[in-house]
Amino acid sequence: IHDNLLYNFIRPPILVGGHDWGDVPWLYDVTIFNNVIYNFAAIVTEGAIRIGNAGGAETNLDVKIQQNTVVLDTTDTLTRSLQIDACKTAIVQNNLFVQSAATPYYFSEGDPCTLTMNRNGYFGGSSVSSQDTLPITGDPKFKDRAGHDFHLTVGSPMIDTGAVTGVAQDHDGNIRPQGSAYDIGAYEFVNSILYGDVSGNGEITSYDASLAAQYAVGLIDLTDEQRTKADVSGNSQVSSFDASLIA
């Protein structure tokens, strides 16, 4: 189950599980990756990605959940990012879970099986699962969250902090990794920065030099992305020297 754009659901956009009435499982090996989910508002307590809806019958199910982006901008208290009720094994890595409601990201109604969970990103919710051994927290700095553009931008803590999942391409088809390590979520950050373009209008002008110069002497503040673009000398500082290079 991969590379889907799923939105405007009231029941789980991804639901894996089931068996016939003889408790014979339908599924054994499932990989879920590179999916983007938003605008899921549950009518009962459920996860946007739900595994094992038939209970203990899924004891033969091995599942991998990797490199997905889930953004839940509802304020209800029922919606969760992830729900695992039953399976044999589950590997949960490099997923980005963003919630508006201060509710737990993870939920289980049963015996969630042998769970390997690490290097997932979290922002906005509460109670990061103690089963995640290496959680990454903080504002993912989406390009346009309100406009449902969940690409990462400069300064995101989700860049170069993921595990090696083996998911070779992102939701856009870009090769992973682009940097020193895999990014967290469905989108790999692709550095297409035009250094010197501090204003972000696609051109380098004297106005950009002026912005860098003003920042260097403390007259204005710049965003993380603007500071990166202004640092044309590459020394991790924005100075009058950078301003002169831009000019």
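Rules of the game
- Residues numbered from 1 in each chain as written.
- Predicted model: local features only at pLDDT ≥ 70, side-chain atom pairs only at ≥ 80, totals over all residues.
- Heavy atoms only, no water.
- Disulfide = S-S within 2.5 Å.
- Helix = DSSP H or I, 4+ residues; strand = E, 2+ residues; numbered from the N terminus.
- Buried < 20%, exposed > 50% of the residue type's maximum accessible area, 1.4 Å probe, protein only.
- Core = buried A, V, L, I, M, F, W, Y, C linked by side-chain atoms within 4.5 Å.
- Contact = heavy atoms within 4.5 Å.
- Pairing = 2+ DSSP bridges.
- Axes fitted to C-alpha atoms, helices over the stretch in contact; angles between N-to-C directions.
- Salt bridge = Lys/Arg side-chain N within 4 Å of Asp/Glu carboxyl O.

### Observations regarding the state of the cysteines
Here is the idea: a disulfide is a covalent bond, and it sits between the sulfur atoms of two cysteines.
Next, step 1: Counting across every chain of the model gives one disulfide.
Next, step 2: In this model Cys87 forms its disulfide with Cys113; the gap between the sulfur atoms is 2.1 Å. One end of the pair, Cys87, is in the loop between strand 8 (79-84) and strand 9 (89-93); the other, Cys113, is in the loop between strand 11 (106-107) and strand 12 (114-118), and 26 residues separate them in sequence.
Next, step 3: On the basis of relative accessible area, Cys87 is assigned to the buried category, the value being 7%.

### Description of unusual backbone geometry
Next, step 1: Residues Arg176 and Pro177 are joined by a peptide bond in cis, for which omega reads -10°.
Next, step 2: Within the secondary structure layout, Pro177 lies in the loop between strand 16 (149-152) and helix 1 (206-216).
Next, step 3: Unusually for a residue other than glycine, Gln67 sits at a positive phi of about 60°.
Next, step 4: Following the sequence through the fold, Gln67 ends up in the loop between strand 6 (62-66) and strand 7 (69-72).
Next, step 5: We note that Asn94 has phi near 60°; this positive angle belongs to a residue other than glycine.
Next, step 6: Relative to the helices and strands, Asn94 is located in the loop between strand 9 and strand 10 (96-99).

### Brief notes about the nonpolar core
For soluble globular proteins, nonpolar side chains are generally found buried alongside one another.
Next, step 1: One finds Ile32, Ile49, Ile51, Ile65, Leu82 and Ile84 to be the most contacted residues of the largest nonpolar core, which totals 28 residues.
Next, step 2: Looking at this core, the element that brings in the most residues is strand 5 (residues 46-51), giving three residues.
Next, step 3: When residues no more than four places from it in sequence are discounted, the contact partners of Ile51 are Val16, Ile32, Leu61, Val63, Ile65, Gln83, Ile84, Asp85, Ala86 and Cys87.
Next, step 4: In this structure, Leu96, Phe142, Phe150 and Leu152 belong to the second largest nonpolar core, which totals 17 residues.

### Notes on the sheet that holds strand 12
Next, step 1: Strand order across the open sheet formed by four strands is 3-6-9-12, with parallel pairing between neighbours. The strands lining the two open edges of the sheet, one partner per strand, are strand 3 (29-33) and strand 12. On average, each strand axis in the sheet is inclined to that of its neighbour by 5°, with strand direction left out of account.

### Overview of the pattern of salt bridges
Next, step 1: This model, assessed by the stated rule, comprises nine salt bridges.
Next, step 2: In this structure, Lys141 engages Asp224 in a salt bridge whose closest nitrogen and oxygen atoms are separated by 3.4 Å. Of the two residues, Lys141 sits in the loop between strand 14 (136-137) and strand 15 (142-144) while Asp224 sits in helix 2 (residues 224-230), which places them 83 residues apart along the sequence.
Next, step 3: What makes Lys141 partly exposed here is its relative accessible area of 26%.
Next, step 4: When its relative accessible area of 29% is taken as the criterion, Asp224 is described as partly exposed.

Function-wise, these values are silent; they only describe arrangement.
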